[in-house]
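# Structural features, examined
The primary structure of each chain is shown beneath.
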Amino acid sequence: MKTKNMYSPARLLAGLSMAAALGMAVAADESLEYFPRTPIDPAKGVEGDMEWSGTLPFWRDDQALAANAKLIGDHHEEWKLNMKFIDHQDDMHPGTLDIDIAEKLLKDWGKKHPKFLTCLGEGKTDYTGLAATYPKYDANLGKVMTLEGRVQQCAQDELFINLPQGSLTNIRITYYLKSKSAGMPVKVDISSKPIMEAFKRGEDLFFKRAGQFGFSCASCHAPNGLLGKKLRGQTLTTPFGDYASYPAYLSGRGELTSLQQRFRICHVQMRTAPLRPGDPVYQDLEVLYAVMSNGAPIPGTSMR
Ligand code: HEC
């Protein structure tokens, strides 16, 4: 009798409604797993900021920055310049020394290993505009390459040395190459399928909660999060346009810092284990950030 009762229609129904309740719990879990999404349209590039912070008109180019210079030092308003005001000055700062060091290194290495120089330039030694086209899919290697990834690969193939992503020498060369695209807009090829796949993964990561506090990148950098609000003395700025400015000399760290090292700093703030620069997760995030900077001018030397 007892066994039969277990399969009675009433029990089955009860079981089904339990499953439905569980299903609902799974659906509710989605919001525990992800921060509510604000759409990112890859085709809009940096213009997408108009639906995020709307601060783009303040920092989109040198003219806009000059027109809004009065906001510099204004405790409440300065964040609207997206930290770009220091980027676009050609004043001497320690980062400019890094460019000189990289230039000398390339000259010295290039004498013995000219193929290292052509490897960096994808066949050319004129690097003008090259950095603006990264990250990109390399059909020969069958993978998406960031500029730092390219520096590492060329050092490996042509100099037989390891210049890991995130190492100072690698970042210096990346910074130098970036300076050769000064004034040019970021131009990532969004018609490339592997790039868009990386973008999608990066976008997913941006909204995914992680770490002890359940923060996502969006919790701090999206308009329905803390964007424009103060957090421990710093005002959270838009992620649009950031890619154009990295690597940057970070005066707080006293060191040239790559974009992926900046991700590490935020991961630590989120109480999430930081990853190594070059990790596929950081690479996908870098592609997302690069696409969100499409159209933004690359500064000669950046600083924060
Ligand atoms: C707890 C809040 C918080 C979270 C979560 C967070 N960040 Fe940040 N992030 C900051 C603060 C504060 C700054 C410095 C102010 C600014 O530029 O917005 C910053 C700056 C940055 C910058 C440099 C901006 C610039 O112009 O120099 C990047 C890039 C960045 N964050 C990426 C990320 C990514 C990617 C994630 C997710 C993995 C993330 N952040 C998660 C707080 C956060």
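Source: prediction; values computed, not measured.

Parameters at a glance
- Residues numbered from 1 in each chain as written.
- Predicted model: local features only at pLDDT ≥ 70, side-chain atom pairs only at ≥ 80, totals over all residues.
- Helix = DSSP H or I, 4+ residues; strand = E, 2+ residues; numbered from the N terminus.
- Contact = placed C-beta atoms within 7 Å.
- Near = placed C-beta within 6 Å.
- Nonpolar A, V, L, I, M, F, W, Y, C, P; charged D, E, K, R; others polar.
- Axes fitted to C-alpha atoms, helices over the stretch in contact; angles between N-to-C directions.
- Parallel < 35°, antiparallel > 145°, perpendicular 65-115°, else oblique.
- Core = buried A, V, L, I, M, F, W, Y, C linked by C-beta atoms within 7 Å.
- Buried ≥ 20, exposed ≤ 12 C-beta atoms within 10 Å, placed from the backbone.
- Domains from an automatic or database assignment.

### Quick word on the overall build of the protein
In terms of helices and strands, the protein carries 13 helices and 6 strands. When contacts within the protein are restricted to residue pairs at least 6 apart in sequence, those whose partners lie at least 24 apart make up 69%.

### Regarding the site of the ligand
Surveying the vicinity of the ligand reveals 21 residues, the closest of which are Phe215, Cys217, Cys220, Thr237 and Cys266. Counting residues per element, the ones that place at least two in the shell around the ligand are helix H11 (217-221) and helix H12 (259-269). If one sorts the elements of the shell around the ligand by residue count, H12 sits on top with 6 residues. In terms of residue class, the shell around the ligand is built from 11 nonpolar, 7 polar and 3 charged.

### Focus on the packing of H12 against helix H13 (residues 280-291)
Look at H12 against H13: their axes get within 10 Å of each other, and the N-to-C directions meet at 110°. Judged by the angle between their axes, H12 and H13 are roughly perpendicular. Contact residues: H12 offers Leu259, Gln260 and Phe263, while H13 offers Tyr282, Leu285, Glu286 and Tyr289. Class assignment of the residues belonging to the contact of H12 with H13 gives a composition of 5 nonpolar, 1 polar and 1 charged.

### What about the environment of Thr257?
Along the chain, Thr257 turns up in strand S6 (residues 255-257). Discounting residues that sit within four places of it in the chain, Thr257 has contacts with Pro247, Ala248, Leu250 and Arg262.

### Here we look at the nonpolar core
Ranked by size, the top nonpolar core spans 58 residues in total, and within it Val186, Tyr243, Val287, Leu288 and Met292 carry the most contacts. Ranked by residues supplied to this core, first place goes to H13 with 7 residues. When residues are assigned to domains, this core turns out to be shared by domain 1 (42-71 + 78-91 + 187-291) and domain 2 (94-179), each giving three or more. Contact partners of Val186, with chain neighbours within four places excluded, come to Ala132, Tyr243, Ala244, Ala290, Ser293, Asn294, Gly295, Ala296 and Ile298.

### Side note on the environment of Phe35
Among the structural elements, Phe35 can be located in the loop between helix H2 (9-33) and helix H3 (56-59). Phe35 sits 171 residues away from Phe206 along the chain, and the two C-alpha atoms are 8.8 Å apart. Not counting the four nearest positions on each side in its chain, Phe35 is found in contact with Phe207, Arg209, Ser216, Ala218, Ser219, Ala222 and Gly225.

### Quick look at unusual backbone geometry
Negative phi is the rule for most residues except glycine; trans is the rule for most peptide bonds. Residue Pro135 is bonded to the preceding Tyr134 through a cis peptide linkage, with omega at -10°. Tracing the backbone shows Pro135 in the loop between helix H7 (114-120) and strand S1 (136-138). Note the cis peptide between Tyr246 and Pro247, where omega equals 0°. In this structure, Pro247 sits in the loop between strand S4 (234-235) and strand S5 (248-250).

### Re the packing of helix H10 (residues 193-207) against H13
At a minimum axis separation of 7 Å, H10 and H13 run at an interaxial angle of 100°. With respect to their mutual orientation, H10 and H13 come out roughly perpendicular. On the side of H10, the interface is formed by Ile195, Ala198, Phe199, Arg201, Gly202, Glu203, Leu205 and Phe206, while H13 contributes Val281, Gln283, Asp284, Leu285, Val287, Leu288 and Val291. Tallied by class, residues from the contact of H10 with H13 come to 10 nonpolar, 2 polar and 3 charged.

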